[in-house]
Amino acid sequence: MKYRYIAMEREYGSGGREIARQTAQAAGIPCYGREILEEAARNLNLPAVQIEDMEEKASNSLMYSLYMVGKMHAGDGDMVSGEGKVYMAEQAVIRDLAAEGPAIFVGRCAASALEDKKGVLKVFIHADMPFRVERAVSEYGVDRASAETVLRRCDKRRAGYYHTCTARKWNDISNYHLILDSGKLGLEKCAEILAGML
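As the structure is a prediction and not an experimental result, all values here were calculated from the model. (Residues numbered from 1 in each chain as written. Predicted model: local features only at pLDDT ≥ 70, side-chain atom pairs only at ≥ 80, totals over all residues. Heavy atoms only, no water.)

Caption draft 1: Fine view of the overall build of the chain. A count of helical and extended segments in the chain gives 10 helices and 5 strands. Taken over 198 residues, the chain has a buried fraction of 49%. Within the chain, contacts between residues at least 6 apart in sequence are counted, and of these 70% link residues at least 24 apart. Accessible area of the chain: about 9,700 Å², with a carbon and sulfur share of 50%. (Helix = DSSP H or I, 4+ residues; strand = E, 2+ residues; numbered from the N terminus. Buried < 20%, exposed > 50% of the residue type's maximum accessible area, 1.4 Å probe, protein only. Contact = heavy atoms within 4.5 Å. Areas by Shrake-Rupley, 256 points an atom, 1.4 Å probe, with all protein chains shown as cover.)

Caption draft 2: Spatial organisation of the packing of aromatic side chains. Inspection of every chain in the model, using the stated rule, returns 5 aromatic pairs. A ring pair is formed by Tyr 5 and Phe 105, whose centres lie 6.5 Å apart and whose planes are at 35 degrees; its orientation type is tilted. Of this pair, Tyr 5 sits in strand 1 (residues 5-10) while Phe 105 sits in strand 3 (residues 103-106), placing them 100 residues apart in sequence. For Tyr 5, a relative accessible area of 3% translates into the label buried. (Phe/Tyr/Trp six-rings, centres within 6.5 Å; stacked < 30°, edge-to-face > 60°.)

Caption draft 3: Layout of the packing of helix 7 (residues 129-140) against helix 8 (residues 147-166). Axis separation between helix 7 and helix 8 bottoms out at 9 Å; the angle between their running directions is 100 degrees. Between helix 7 and helix 8, the crossing angle belongs to the class labelled roughly perpendicular. Across the interface between the two elements, Met 129, Arg 132, Val 133, Ala 136 and Val 137 of helix 7 pack against Ala 147, Glu 148, Leu 151, Arg 152 and Asp 155 of helix 8. (Axes fitted to C-alpha atoms, helices over the stretch in contact; angles between N-to-C directions. Parallel < 35°, antiparallel > 145°, perpendicular 65-115°, else oblique.)

Caption draft 4: Looking closely at the nonpolar core. Core analysis: the largest hydrophobic core is formed by 20 residues, its most contacted members being Ile 6, Met 8, Ile 19, Ile 104, Leu 121, Val 123 and Leu 194. Only strand 1, helix 1 (16-27), strand 3, strand 4 (120-126), strand 5 (178-181) and helix 10 (187-197) provide two or more residues apiece to this core. Among the elements that line this core, the one with the most residues is helix 10, at 4 residues. If we skip the residues at most four places from it in the chain, Met 8 touches Gly 16, Ile 19, Ala 20, Phe 105, Val 106, Gly 107, Val 123, Ile 125 and Leu 194. The next biggest cluster of nonpolar side chains, apart from the first, holds 17 residues, and it includes Ile 36, Ala 40, Ala 89 and Val 120. (Core = buried A, V, L, I, M, F, W, Y, C linked by side-chain atoms within 4.5 Å.)

Caption draft 5: Spatial organisation of the pairing of strand 1. Of all 6 residues in strand 1, 6 are buried; the element is thus mostly enclosed. Here strand 1 shows no split at all, with Tyr 5, Ala 7 and Glu 9 on one side and Ile 6, Met 8 and Arg 10 on the other all buried. Pairing of strand 1 with strand 3 involves 4 bridges; the strand directions are parallel. Considered in strand 3, the bridge of Met 8 is made with Val 106. Relative to strand 4, strand 1 is paired through 6 bridges, and the arrangement is parallel. (Pairing = 2+ DSSP bridges.)

Caption draft 6: Summary view of the side chain of Glu 90. The topology assignment puts Glu 90 in helix 5 (residues 82-99). Since its relative accessible area comes to 0%, Glu 90 is described here as buried. Within the local environment of Glu 90, its side chain forms a polar contact with the side chain of Arg 108, the two groups lying 3.3 Å apart. Setting aside chain neighbours within four positions, we find Glu 90 in contact with Ile 36, Leu 37, Ala 40, Ile 51, Glu 55, Arg 108 and Tyr 161. (Polar contact = N/O pair within 3.5 Å; in protein donor to acceptor, adjacent residues only side chain to side chain.)

Caption draft 7: The sheet that holds strand 3, seen in detail. Strand order in the open sheet formed by 5 strands is 2-3-1-4-5, and the pairing between neighbours is parallel. Of all the strands in the sheet, just strand 2 (31-32) and strand 5 have a single pairing partner and so form its edges. Set on the sheet, helix 1 makes contact with strand 1, strand 2, strand 3 and strand 4; between it and strand 1 the angle comes to about 165 degrees.

Caption draft 8: Focus on the pairing of strand 4. Burial within strand 4 is extensive, with 5 of its 7 residues counted as buried. Pairing between strand 4 and strand 5: 4 bridges, direction parallel. The partner of Val 123 across the bridge, within strand 5, is Leu 178.

Caption draft 9: Quick peek at helix 2 (residues 34-44). For helix 2, the full list of buried residues reads Ile 36, Leu 37, Ala 40 and Ala 41. Buried residues in helix 2, looked at end-on, bunch into an arc of 135 degrees, giving them a common side. Along helix 2, exposed side chains directed more than 90 degrees from the buried face belong to Arg 42 and Asn 43. (Arc of directions from axis to C-beta.)

Written out as C-alpha cells, the structure is:
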C-alpha cells in the first residue's frame, strides 16, 4: 500500500464516519473513531461522556493553544486543563493502534498523532448544508427545524478542539492531502476513492 493510514476529519452530517467504515471494509483494515475516545476514557479512568464534555469545552484561544501544544510536544503530563490530558491520552491510543498496522482514524486530531509515521493520508470530508441537514435528520434523528443550528454547533466544537490541540484551523485545506465533497460525489464514491488510495 502507498498509504498505510488515513487520518480523517469531517463536517458533521457529511457522512465521514460511514465513508471511513466503508473504506476500511473494502481495504480489509480496522477503522477507529469513537473507539479512540472510549479507550482514552478507560486509560484516564473517566466516563466517556466526561471526555466528550472536555472536548466540547476546549478553548479556542490562540495563546492557550500555543501554550498547550508546547507542553504536549515537550511530553509534559502536568497539564493545566483536563482537555490537555484528554488530547494526550487520545494521541497515545492512536499511536498504539497505528503500531498494530494499517488503519483509518476518524477525528481526534489523528494526523498529529501520526505525524512521525510514513504513509499517512490526511483527508477532510465536507458537503453543502442541504445535504448535511438531510443526513442529520434521516441518520441521526435531528429535528429539521434545528438541524442547521445543530450542524454549526457540532462543527464549531470540532473546530475548537482541533484548534486548541494543534494550533491549526480545522477546515484549512493546507492541513489535508485530499478533500472530498460527499454531497457531490456520494458516500460510496468517496469510499471507493479512498480505498483506491490505500
